Amino acid sequence: MRRMSGFNIVSLTFGLAFLYLPMLILVIYSFNASKLVTVWAGFSTRWYGELLRNEAFLDAALVTLKVGVISSTLATVLGTMAAFLLVRLGRFSGRTLFSGMIYAPLVMPDVITGLALLLLFIGIDMDRGVTTIVLAHTTFAMCYVSVVVSSRLSSFDTSLEEAALDLGCTPWSAFRLVTLPIIAPAVISGWLLAFTLSLDDLVIASFTAGPSSTTLPMKIFSAVRLGVSPEINALSTLMIGVVAFGVVIFSILSKRNTALKLQEERDAVDGRT
Amino acid sequence: MPQTVFAPWENPDEKPLIQFRNVTKKFGDFTAIANLDLDIYAQEFFALLGPSGCGKTTLMRMLAGFEMPTSGKILLGGEDIAAVPPNKRPVNMMFQSYALFPHLSVWDNVAFGLKREGRDKSEIETRVSDMIRLTRLEKFARRKPHQLSGGQRQRVALARSLAKAPKLLLLDEPLGALDRKLREETQFELMDIQEKTGTTFVIVTHDQEEAMTVASRVAVMDEGRLVQVSTPDRIYENPNSVYVADFIGDVNIIEGSANQTGDKVLVNWAEGHSPLVATTAAVLQKDQTCYLAIRPEKIAITAEQPDAANVVQGEILDIGYLGNISTYHVKLPSGHVIKAQSANTRRIARRSFTWEDKVWLSWSDTAAILLER
Ligand SMILES: Nc1ncnc2c1ncn2[C@@H]1O[C@H](COP(=O)(O)OP(=O)(O)OP(=O)(O)O)[C@@H](O)[C@H]1O
Ligand SMILES: [Mg+2]
């Protein structure tokens, strides 16, 4: 490892401070005993207790979790299927269009996605609620999943599937017994990514939510407009925790994924010599 | 009691197990297999030989069902198998790249095909442990493929393909990564399995000695075509072209022009040298270009001028000592370099020839094979 120069240390410190100081302050103040957000009055976990007794927040948390789990699961299934189609079918007419269409929502502004979905739901006269948020989140999260999964699939050696077929598997059982276990880390990290994205989303949820389905970010946003409370700080701290957990697992999995890939490549080379 | 020789290809009533009928396989506009006709009979040990990229793997993949012929038909037991998916074919293939399942242990890799058949547990266990013993993998049964050496992986792939004892077994370079001793043992194991189970084997190999040892028939391929299909001894003794002669074993090729009288042909091969004599059943035109193929071991090397149909003199250029035999590279005044082999029946210290010795090379008129192309 190269030694760090003074300049490097300074810029690293500033960079990290810039990124994480606001969050750090938020976390610290969530343990503030005082009701006044800006006045430190000693350490307390009081607001976490309050939070647990706040029905509205708990409801929102439940909605968020429900939306997160269902939409990321759906997105994982759909995204994996799309990735398969893109990687495996080779050149079919309209492939470029199809892949473009899959990746476009990645760069589409949330406001547009949200608005478009809202119009759709109004158009087909669908009552807005948890279902619509789930659908909306599935729509944008599946793009992310398909990106993650297809990058794994493109390096997947199809002769493994052929070997499975050769040994008597049906195409479906070859997928279940060979392909899926091997690409599982990518699928799981796709799911985690989808889940964190869903947890994070304010804009699209606001467009597609109904009166009885408020997600946590929406709840926080509306609460903050009335003034920041220590309770919100506590809640945000918990969310940071959950998201950080997801991100850490995601990066561990993708790291393992790359390590596996390297290993496989090495094996492949060995195998042929 | 006369022993019946296994030669179903000579019996016109015998039905082939596999029939390729005008099979062509194209990848884009590249032709990998060109209009190929081939019959393989049940219980054969059929070897495919040919340079890299000549289409051996492609041929096997069509049999296994991973590639469809662009045109033509493949029949298995008389039935067209175009519509049968790979998992329904009574065919197992050992992949050139092994294609071991990285997430499964050696044991589970070998058991994979048996489990799909839904056989009962104890039967699977006996079968798998038999296969593992056969391929000497007992110590590694619990390991994952990435914890094995190249040769060990190759043995796992072999064990996995043998486990289901299919009607037809396709082995794509099954023994390339094994050391010589293990390779020879495995060759005999394969022949043993073949004898016991009556499985038909199609095997790809780059090692012509291996093909000679194990195969009932050998096919020599070149650029998607079959050049010659015959028994190992006939391929070796009666190659049909310079390509085959050169591909199988060591050979001296001398180009010349023919002058036929009866079954004897005089080949004019160099200015100022008397013509070489060979026998042939073919009919050649006068002065037609032809090639003499002479195996090094059929050429005698002597210090005195011998009395033989073909005699040439030269000077030893190089000696290759291979233990049991020595190969002498002898340069003729015409510029040709001829390889001659002699068995080392005596210890090396008393070897009779050395570099730059003048020696006589001789061979009989039946030793040389006359080839037209
Ligand atoms: N999927 C494919 N697409 C395009 N070309 C292919 C494909 N598969 C094989 N080929 C080409 O077909 C030819 C025959 O390939 P094949 O794998 O059958 O060779 P091989 O005889 O098995 O060679 P080796 O001894 O090196 O394994 C090669 O020139 C190869 O490049
Ligand atoms: Mg090959």
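Given the structure is predicted, the values throughout are model-derived calculations rather than measurements.

Thresholds, definitions, all that
Residues numbered from 1 in each chain as written. Chains lettered and ligands numbered in written order. Predicted model: local features only at pLDDT ≥ 70, side-chain atom pairs only at ≥ 80, totals over all residues. Heavy atoms only, no water. Axes fitted to C-alpha atoms, helices over the stretch in contact; angles between N-to-C directions. Helix = DSSP H or I, 4+ residues; strand = E, 2+ residues; numbered from the N terminus. Parallel < 35°, antiparallel > 145°, perpendicular 65-115°, else oblique. Left-handed = near helix turned anticlockwise from the far one by under 90°. Contact = heavy atoms within 4.5 Å. Buried area = accessible area lost by both parts, 1.4 Å probe. Salt bridge = Lys/Arg side-chain N within 4 Å of Asp/Glu carboxyl O. Nonpolar A, V, L, I, M, F, W, Y, C, P; charged D, E, K, R; others polar. Near = heavy atom within 4 Å. Polar contact = N/O pair within 3.5 Å; in protein donor to acceptor, adjacent residues only side chain to side chain. Pairing = 2+ DSSP bridges.

(A) Highlighting the packing of helix H2 (residues 106–116) of chain B against helix H3 (residues 121–134) of chain B. Residues and elements named next belong to chain B. Where H2 meets H3, the axes come as close as 10 Å, and the angle between the chain directions of the two elements is 130 degrees. As far as their axial angle goes, H3 and H2 are oblique. For the element pair H2 and H3, the recorded crossing hand is right-handed. Where H2 approaches H3, its residues Val106, Trp107, Val110, Ala111, Leu114 and Lys115 are matched on the opposing element by Ile124, Glu125, Arg127, Val128, Ser129, Met131 and Ile132.

(B) View of the interface of chain A and chain B. Between chain A and chain B, the residue contacts involve 23 residues of the former and 24 residues of the latter. Carbon and sulfur atoms supply 61% of the area buried between chain A and chain B, which totals about 2,100 Å² over both sides. The three residues of chain A that bury the most area against chain B are A:Glu162, A:Asp166 and A:Leu167, which together make up 34% of that side's buried surface. At the surface where chain A touches chain B, the tally comes to one salt bridge. The partner of A:Glu162 in a salt bridge is B:Arg61, and the shortest N-O contact between them spans 2.7 Å. With seven residues, helix H7 (residues 158–166) of chain A is the single largest residue contributor to the side of chain A that touches chain B. Class assignment of the residues belonging to the side of chain A that touches chain B gives a composition of eleven nonpolar, six polar and six charged.

(C) Summary view of the site of ligand 1. Residue and element names in this part refer to chain B. The environment of ligand 1 is formed by 13 residues, the closest being Ser52, Lys56, Thr57, Thr58 and Gln96. Between ligand 1 and Gly53 there is a distance of 2.8 Å, counted from an oxygen atom to a backbone nitrogen or oxygen. Between ligand 1 and Gly55, the relevant distance is 3.0 Å, taken from an oxygen atom to a main-chain nitrogen or oxygen of the residue. Those elements that provide at least two residues to the shell around ligand 1 are strand E2 (30–40) and helix H1 (56–64). Ranked by residue count, the leading element in the shell around ligand 1 is H1, at three residues. Residue composition of the shell around ligand 1, grouped by class: four nonpolar, seven polar and two charged.

(D) Seen up close, the sheet that holds E2(B). Residue and element names in this part refer to chain B. Spatially, the four strands line up as an open sheet ordered E2-E1-E4-E5, and their pairing is antiparallel. Each edge of the sheet is formed by a strand with only one pairing partner; in this case those strands are E2 and strand E5 (79–80). Bridge count for strand E4 (residues 71–76) against E5 is two bridges, and the pairing is antiparallel. Among the inter-strand pairings, Leu76 is bridged to a residue of E5, identified as Glu79.

(E) Region of interest: the sheet that holds strand E8 (residues 200–204) of chain B. Residues and elements named next belong to chain B. Strand order in this open sheet of six strands is E6-E7-E8-E3-E9-E10, and the pairing throughout is mixed. The open sheet has two edge strands with one neighbour each: strand E6 (91–94) and strand E10 (225–230). Averaged over all pairs of adjacent strands, the angle between strand axes in this sheet comes to 15 degrees, irrespective of strand direction. Note: strand E3 (residues 45–49) against strand E9 (residues 217–222), four bridges, orientation parallel. Its bridge partner being in E9, Ala47 is matched across the sheet by Val218. Lying on the sheet, H1 is in contact with E3, E6, strand E7 (168–172), E8 and E9; it crosses E7 at an angle near 150 degrees.

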